[in-house]
Amino acid sequence: MRPRRRLRRLLRWVLALPLLALLASVLQVGLLRFVDPPFSAFMMARQFEAWGAGDGTFRIAYDWRDLDQVSAQLPLAVIASEDQRFLQHRGFDLKAIEKAIQSNERGGRVRGGSTISQQTAKNLFLWSSRSWLRKGIEAWYTVLIETMWPKHRIIEVYVNVAEFGDGVYGAQAAARTYFGVDASQLGPAQAARLAAVLPSPRRYSAARPGPYVQRRTHAIQRQMRNLGGTAYLDGLED
């Protein structure tokens, strides 16, 4: 009887694990609605990567700032650059996904359809692979974030955990590292330049912008104006 009893107990645990994982994720997202994250999964992975390479001097640059302590130009710039339907969608922009699929099928530059909500979920909780497993977990966290957080909180977390350079995370660290100013003092051009490197922050440099980053910076500034400037952010609920 003992082996059977142990087997039944093991099966109960196996069946319970997915439910426990779901519950843990709900509690995790609920807590971070009110508590500022001390680090993100991407930060942790980068630090372990440096240690694994034998670089014991590497340090993550990260300094949380509430959204009202960050220049409104930066959230406007990342919305203009990454997700212009941020205020309209509920985590997934089907129009952007459709355009990305069409572009990729035509053989053009590979595009993604990820929203700021999806990127926040990925950067905060997950890892950087392109596996279907990771995309599925990302979708679940995106649903939780959009359900449990207001848009104000989503953009606040995103501009604090986004990577703007190798080991440089968030508005304050980026403003200090690249421009020598506080995050509250970022101007439109500086904010647009930071947003311009987001697709590949280890490849492109906000400190030494090449032709691509310069072109993208100007394009983002035009989009910021087209959105109506910082007045656009009035749509963020508290």
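Residues numbered from 1 in each chain as written. Predicted model: local features only at pLDDT ≥ 70, side-chain atom pairs only at ≥ 80, totals over all residues. Heavy atoms only, no water.

By the naming in an unreviewed UniProt entry, the protein chain goes by Biosynthetic peptidoglycan transglycosylase and is assigned to Marilutibacter maris. Entered under Sequence similarities (unreviewed entry) in the UniProt record, the comment concerning the protein chain runs "Belongs to the glycosyltransferase 51 family." As recorded by UniProt, the Subcellular location (unreviewed entry) comment attached to the protein chain reads in full: "Cell inner membrane". (UniProt positions renumbered as here; feature names shortened; annotations may be inferred.)

Peer 1: Residue-level account of helix 5 (residues 116-125), with values.
Peer 2: Taking burial as the measure, the 10 residues of helix 5 include nine buried ones, the bulk of the element. What helix 5 keeps buried is the set Ile116, Ser117, Gln118, Gln119, Thr120, Ala121, Asn123, Leu124 and Phe125. (Buried < 20%, exposed > 50% of the residue type's maximum accessible area, 1.4 Å probe, protein only. Helix = DSSP H or I, 4+ residues; strand = E, 2+ residues; numbered from the N terminus.)

Peer 1: Can you tell me about the nonpolar core, naming the residues and giving the values?
Peer 2: With 58 residues, the main nonpolar core has Leu74, Val78, Ile155 and Leu194 as its most contacted residues. Setting aside chain neighbours within four positions, we find Leu194 in contact with Leu74, Phe164, Ala174, Tyr178, Phe179, Leu186 and Ala206. (Core = buried A, V, L, I, M, F, W, Y, C linked by side-chain atoms within 4.5 Å. Contact = heavy atoms within 4.5 Å.)

Peer 1: Which residues make up the sheet that holds strand 3 (residues 168-169), and what values go with them?
Peer 2: The strand order across the open sheet built from three strands is 1-3-2, with neighbouring strands paired in mixed fashion. This sheet does not close on itself; its edge strands, each paired only once, are strand 1 (61-62) and strand 2 (163-165). Note that strand 2 and strand 3 share two bridges and pair antiparallel. Within strand 3, the position partnered with Glu163 by the bridge is Tyr169. (Pairing = 2+ DSSP bridges.)

Peer 1: Which residues make up the pattern of salt bridges, and what are the values?
Peer 2: Counted according to the given criterion, the structure contains 14 salt bridges. Lys151 serves as the salt-bridge partner of Glu146, at 2.8 Å between the closest nitrogen and oxygen. Looking at Glu146, the relative accessible area reads 2%, which means it is buried. A relative accessible area of 4% places Lys151 in the buried class. Taken together, the shared-partner salt bridges connect Arg46, Glu49, Glu163, Asp166 and Arg202 into one network. (Salt bridge = Lys/Arg side-chain N within 4 Å of Asp/Glu carboxyl O.)

Peer 1: So what's going on with a positive patch on the surface? Which residues, and what values?
Peer 2: A grouping of Arg5, Arg6, Arg8, Arg9 and Arg12 is seen on the molecular surface, where their side chains present a positively charged patch. Given the relative accessible area of 46%, Arg9 is considered partly exposed. (Patch = residues over 30% accessible without salt bridge, like charges linked within 9 Å, V, L, I, M, F, W, Y side chains within 5 Å. Areas by Shrake-Rupley, 256 points an atom, 1.4 Å probe, with all protein chains shown as cover. Lys, Arg positive; Asp, Glu negative; His and termini not counted. Charge placed at Lys NZ, Arg CZ, Asp CG, Glu CD.)

Peer 1: Describe the environment of Pro37, with residues and values.
Peer 2: Positionally, Pro37 belongs in the loop between helix 1 (2-32) and helix 2 (41-52). Classification of Pro37 by relative accessible area gives buried; the value is 4%. The spacing of Pro37 and Asn160 is 123 residues in sequence and 9.2 Å in space, taken between C-alpha atoms. The contacts of Pro37, once residues within four sequence positions are left out, are Leu32, Tyr62, Trp64, Leu124, Arg153 and Val161.

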